[in-house]
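Geometric and topological summary
Spelled out, the chains give:
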Amino acid sequence: MSDGVRLWGGRFEGGPSEAFDRLNASFAVDSRMWAHDIAGSRAHAQMLVATGVLSDEDGKSIADGLDRVAAEFSDGSFFVQPGDEDIHTAVERRLTELIGDAGRRLHTGRSRNDQVATDVLLYLRDAVDGQLAAVAVLANVLLSQAERHVEALLPGYTHLQRAQPVRLAHHLLAYVQMLIRDHRRLRLVRDESLAEAPLGAGALSGVGFPIDRQMTAEALGFVRPTANSLDSVASRDAVADYLHAAATLCVHTSRLGEELVIWASDEVGFVELSDAFTSGSSMLPQKKNPDAAELARAKVARVVSDYSGLQSLVAKLPLAYNKDLQEDKHFLFDAIDTVELLLPALAGMLEGAVFRTDRMAAACQDGYLAATDLADHLVRAGWPFRRAHEAVGLLVRACLARGVGLADANSAEITDAGMAGIVLPALTAEASAEAKVSAGGTSRARVIEQWDAARAEVGRW
Ligand code: ARG
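Quick notes on the rules
Residues numbered from 1 in each chain as written. Predicted model: local features only at pLDDT ≥ 70, side-chain atom pairs only at ≥ 80, totals over all residues. Heavy atoms only, no water. Phe/Tyr/Trp six-rings, centres within 6.5 Å; stacked < 30°, edge-to-face > 60°. Helix = DSSP H or I, 4+ residues; strand = E, 2+ residues; numbered from the N terminus. Buried < 20%, exposed > 50% of the residue type's maximum accessible area, 1.4 Å probe, protein only. Near = heavy atom within 4 Å. Polar contact = N/O pair within 3.5 Å; in protein donor to acceptor, adjacent residues only side chain to side chain. Areas by Shrake-Rupley, 256 points an atom, 1.4 Å probe, with all protein chains shown as cover. Nonpolar A, V, L, I, M, F, W, Y, C, P; charged D, E, K, R; others polar. Axes fitted to C-alpha atoms, helices over the stretch in contact; angles between N-to-C directions. Parallel < 35°, antiparallel > 145°, perpendicular 65-115°, else oblique. Left-handed = near helix turned anticlockwise from the far one by under 90°. Contact = heavy atoms within 4.5 Å.

Observations concerning the packing of aromatic side chains
Aromatic ring pairs: the centre-centre distance and the angle between the two ring planes describe each pair. Overall, the coordinates contain six aromatic pairs when judged by the stated rule. Ring centres of W34 and F73 lie 5.2 Å apart, and the angle between their planes is 5°; on these two criteria the pair is classed as stacked. With a gap of 39 residues between them, W34 in helix α3 (residues 34-50) and F73 in helix α4 (residues 56-75) connect regions that are remote in the sequence. Relative accessible area serves as the criterion here: at 23%, W34 is assigned to the partly exposed category.

Notes on the site of the ligand
Around the ligand, the surrounding shell consists of S26, D86, H88, R112, N113, V116, Y321, Q326 and K329. Residue D86 places a side-chain N or O atom 2.8 Å away from a nitrogen atom belonging to the ligand. Between the ligand and N113 there is a distance of 2.8 Å, counted from a nitrogen atom to a side-chain nitrogen or oxygen. Out of a free accessible area of 340 Å², the ligand has 85% covered by protein chains. With three residues, helix α7 (residues 112-148) is the largest single contributor of residues to the shell around the ligand. Residues belonging to the shell around the ligand are distributed by class as follows: two nonpolar, four polar and three charged.

Points about the packing of α7 against helix α19 (residues 444-459)
Orientation of α7 relative to α19, taken along the N-to-C sense of each, is 155°, at an axis distance of 11 Å. In terms of orientation, α7 and α19 fall into the roughly antiparallel class. Remark: the crossing between α7 and α19 carries left-handed chirality. Where α7 abuts α19, its residues A136, A139, N140, L143, A146 and E147 lie against W451, A454, R455 and V458. Class assignment for the residues of the contact of α7 with α19 results in seven nonpolar, one polar and two charged.

In short, geometric facts, not functional conclusions.
In structure tokens, the structure reads:
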């Protein structure tokens, strides 16, 4: 038998076994919500006083007592007791120790089911606010790097094969666009998914007192109370919406991490990462490993699993509350912590990254990056694109066979490819990039236009 007083002890003859207690207890996980639990209790008690369910005196005593419990949590003097199943139980137990019977009245018209659903949303709202700010920092770092690298050209890739030259700024701005969508998704979570307060739903069917749910909702920063009490305690959609947004964000940071790993390799050498974000090898003295970039690549596995874990947890549960839902916080907190670790590290790594634009330029000397530009040149001379594509393909093959780039094709090769009389245009990487004048393309003017628009968007956050 385990020790400790239970808040639900009345119906039970014996206490819970230790093995059950260990399985059931969630304090270690959910105690991080102490401030949100206390805020919810404060709002609930104020509302009970306002609606005449609790006396002014009890309300005052509860408010003072909650202040004292909060002080104990902040200065580290709160002592968890064996019977403290979760944060809700622990706060109420301590409050009652401090203020006596008034503490026993706090849970009037409330259940831990609507309480925990509310606490989780309050905690998540704070976390989302922090992550919105962290996404903004990362986007600003990418914007500054992009601003410095409008002139630099590197090969753009498809299938990890060199395809066409692009501006480094253009490449970095692609990630800014992903972050702009991530930021929008997180704002949607905050403004839509977290708009409604479950508090006041009771255990499942509502409560038997004339409570004012709009009042507690507003006091806690929600727009309105939830509409259906069963749904309020049974659903975790807001958590799922956040985990989806976080998973997509991590897909983006994972791709960025992977590109930095590739770019930092000896083979490619497009970037030099700072000592502050790399590590050495315990055996190989020469090594400088891009660990931060690798971890950025890796973390997506956790957050996508958190999303899938939460959804699998809730799926198939009958209405309304089930203890299974206690596990929601495992997935939620893991994702929140992971994103909180990741974003500042990635921002710091990118801020200190030195792009080797000389090596990028050298990689653009690959003789075939302008093949499409040559085809476009023929199209401008009146050729159907498909014929131009075929002819340039023949010329590429002839040049490959002789080991030269397209620009060095001789007139016999040009004639054999069906382009007799055609004078090749300048096939430089710069000319190729400047030719991409379509909106969103890699010409200097279009990249500057993209940068301006992205900067304005990020500036509004
Ligand atoms: N620790 C629980 C959770 O996180 C709180 C709700 C408990 N409700 C109950 N009926 N046992 O879900």
